[in-house]
Amino acid sequence: MAAPMIVKVTVTLKNGVLDPQGRAIEAALKGLGFDGVAGARVGKLIELEVADGTSRETIENMAKQLLANTVIENFRIEMP
Amino acid sequence: MRCAVIVFPGSNCDRDLADAIAKVTGRAPAMIWHRETELPANLDFIGVPGGFSYGDYLRSGAMAARSPVMQAVVKAAGEGRAVLGICNGFQVLTEAGLLPGALMRNAGLNFVCRDVRLSVANSQSIFTSLYATGEEIRIPVAHHDGNYTADAATLDRLEGEGRVAFRYAEAVNGSARDIAGILNDEGNVLGMMPHPERLIEAEQGGTDGRRMFEAAMMALA
């Protein structure tokens, strides 16, 4: 089998979508005395082990069909 | 009325829903496991129950929406069969594209589990015809991800087309425009976070949920 390739898909909430978890993190950081935090947004990192040579288009289809809910989320793909 | 209830790994309101259907219609629904690729013929009503399908992995309802049985449910909905998604079932229907928008983490971050007051926003649908528009009813909620979100144009369209079925009459989870339940454009698919199947008999503390099943039976039987 060909050497696997690690692809990273980062899923983040779209701008303008309220992120209650991010708000809570921001408030908690302020509570710890970290003053310079203007915002926090929570996302997901999904590492996929796929066959070397898998196309970006295939990964994009995976992201659109399952990994991200494109109603509220954006995704970014990092390939080696 | 021929009914079915979909069962995913992690569903936990499937038996409550089946019991409600059986008590109101006099006939037990077929219980359909998520691996099935076809539904029984001539169904009138499909219930997608509450719970934590697939452990809420990735996003609530995301995995269930891609399961084999949901392809059959999407097809049945397209043929005009009635589909009711409750709580996790509502999340599954949005993830499957049968209803617009998405359900996000509650604005207060807490799991909310209590009776809430709802206002009936549309009493013209097959599910809500035994309520009066503007009537206040009391139905329990039990969810962590019930914060309904959609872009402004979608929200305007839902409101303009009378597709908001229920609104919260009190602060619950931060839902856009207090939306608790919505209909699809054909009116045969309803998704809602509150649990009408938990209020069928007086012994359960009220019967405000019962009329939803009676209305569906009147329209479909």
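None of the values given here were measured: they were computed from a predicted structure.

Helix and strand counts for chain B come out as 6 helices and 11 strands. In terms of overall dimensions, chain B is globule-like: its C-alpha atoms have a radius of gyration of 15 Å, near the 17 Å expected for 221 residues. The principal-axis extents of the C-alpha atoms in chain B amount to approximately 40 × 35 × 35 Å. Residues counted as buried form 55% of the 221 residues belonging to chain B. In chain B, once contacts between residues fewer than 6 apart in sequence are set aside, the share between residues at least 24 apart is 73%. Only carbon and sulfur atoms are counted for the fraction: they give 47% of the accessible area of chain B, which is about 8600 Å².

Residue and element names in this part refer to chain B. The 9 strands lie next to each other as 2-1-3-4-11-10-9-6-7, forming an open sheet whose pairing is mixed. The sheet is open, and its two edges are formed by strand 2 (30-33) and strand 7 (136-143), each paired on a single side. Along the sheet, successive strands turn relative to each other by an average axial angle of 25°, direction set aside. Of the strand pairs in this sheet, strand 6 (residues 112-120) and strand 9 (residues 164-168) are connected by 3 bridges, and their pairing is antiparallel.

Before going further, it helps to spend a moment on the environment of Gly 43 of chain A. Residues and elements named next belong to chain A. Mapped onto the elements, Gly 43 comes out in strand 2 (residues 43-51). Gly 43 gets classed as partly exposed once you look at its relative accessible area, which sits at 45%. Spatially, the C-alpha atoms of Gly 43 and Val 11 are 5.5 Å apart, while their sequence positions differ by 32 residues.

So, on to the sheet that holds strand 2 of chain A. Residue and element names in this part refer to chain A. The strand order across the open sheet built from 3 strands is 2-1-3, with neighbouring strands paired in antiparallel fashion. Sheet topology places strand 2 and strand 3 (73-78) at the edges, where each strand pairs with a single neighbour. Here the strands of the sheet are splayed against their neighbours by 25° on average, with no regard to which way each runs. Each of strand 1 (4-13), strand 2 and strand 3 touches helix 2 (residues 56-67); the most contacted strand, strand 3, lies at about 155° to it.

Residue and element names in this part refer to chain B. Per the UniProt record, "active site" (unreviewed entry) is found at Cys 87, His 195 and Glu 197. In three dimensions, the annotated residues from a span of 111 residues occupy one location, with a maximal C-alpha spread of 10.9 Å. Checked against the element boundaries, His 195 lands in the loop between strand 11 (189-192) and helix 6 (210-220). Those residues within four positions of His 195 in sequence are excluded, and the remaining contacts are Cys 13, Gly 50, Ile 86, Cys 87, Ile 139, Pro 140, Val 141 and Ala 142. With respect to the helices and strands, Glu 197 occurs in the loop between strand 11 and helix 6. A polar contact is formed between the side chain of Glu 197 and the side chain of His 195, at a distance of 2.8 Å.

A few words now on the interface of chain B and chain A. Counting residues at the interface gives 14 residues for chain B and 16 residues for chain A. When the buried surface of chain B facing chain A is broken down by residue, Leu 58, Arg 59 and Met 104 of chain B rank first, second and third, together holding 42% of it. There are 1 salt bridge connecting chain B and chain A. For the salt bridge of Arg 59 of chain B with Glu 73 of chain A, the shortest nitrogen-to-oxygen distance reads 3.6 Å. Contributions of two or more residues to the side of chain B that touches chain A are made by helix 2 (62-65) and strand 5 (102-104) of chain B. For the side of chain B that touches chain A, the per-class residue count stands at 7 nonpolar, 3 polar and 4 charged.

All right, on to the side chain of Asn 106 of chain B then. When you line up the elements, Asn 106 of chain B lands in the loop between strand 5 and strand 6. In this structure Asn 106 of chain B comes out as buried when scored by relative accessible area, which is 1%. Looking at Asn 106 of chain B, its side chain comes within polar contact range of the main-chain nitrogen of Gly 146 of chain B, at 2.9 Å. Beyond its immediate stretch of four places on either side in the chain, Asn 106 of chain B contacts Pro 20 of chain A together with Phe 111, Val 112, His 143, His 144, Asp 145, Gly 146, Asn 147 and Asn 173 of chain B.

This next bit is on the packing of aromatic side chains. Residues and elements named next belong to chain B. As enumerated under the stated definition, the model contains 4 aromatic pairs over all chains in all. Judged by centre distance (6.1 Å) and plane angle (80°), the rings of Tyr 131 and Phe 166 are edge-to-face. Of this pair, Tyr 131 sits in the loop between strand 6 and strand 7 while Phe 166 sits in strand 9, and the two are 35 residues apart along the sequence. In this structure Tyr 131 comes out as buried when scored by relative accessible area, which is 4%. Note on Phe 166: relative accessible area 1%, which makes it buried.

Conventions and cut-offs
- Residues numbered from 1 in each chain as written.
- Chains lettered and ligands numbered in written order.
- Predicted model: local features only at pLDDT ≥ 70, side-chain atom pairs only at ≥ 80, totals over all residues.
- Heavy atoms only, no water.
- Helix = DSSP H or I, 4+ residues; strand = E, 2+ residues; numbered from the N terminus.
- Rg over C-alpha atoms; globule rule 2.2 N^0.38 Å.
- Buried < 20%, exposed > 50% of the residue type's maximum accessible area, 1.4 Å probe, protein only.
- Contact = heavy atoms within 4.5 Å.
- Areas by Shrake-Rupley, 256 points an atom, 1.4 Å probe, with all protein chains shown as cover.
- Pairing = 2+ DSSP bridges.
- Axes fitted to C-alpha atoms, helices over the stretch in contact; angles between N-to-C directions.
- UniProt positions renumbered as here; feature names shortened; annotations may be inferred.
- Polar contact = N/O pair within 3.5 Å; in protein donor to acceptor, adjacent residues only side chain to side chain.
- Buried area = accessible area lost by both parts, 1.4 Å probe.
- Salt bridge = Lys/Arg side-chain N within 4 Å of Asp/Glu carboxyl O.
- Nonpolar A, V, L, I, M, F, W, Y, C, P; charged D, E, K, R; others polar.
- Phe/Tyr/Trp six-rings, centres within 6.5 Å; stacked < 30°, edge-to-face > 60°.

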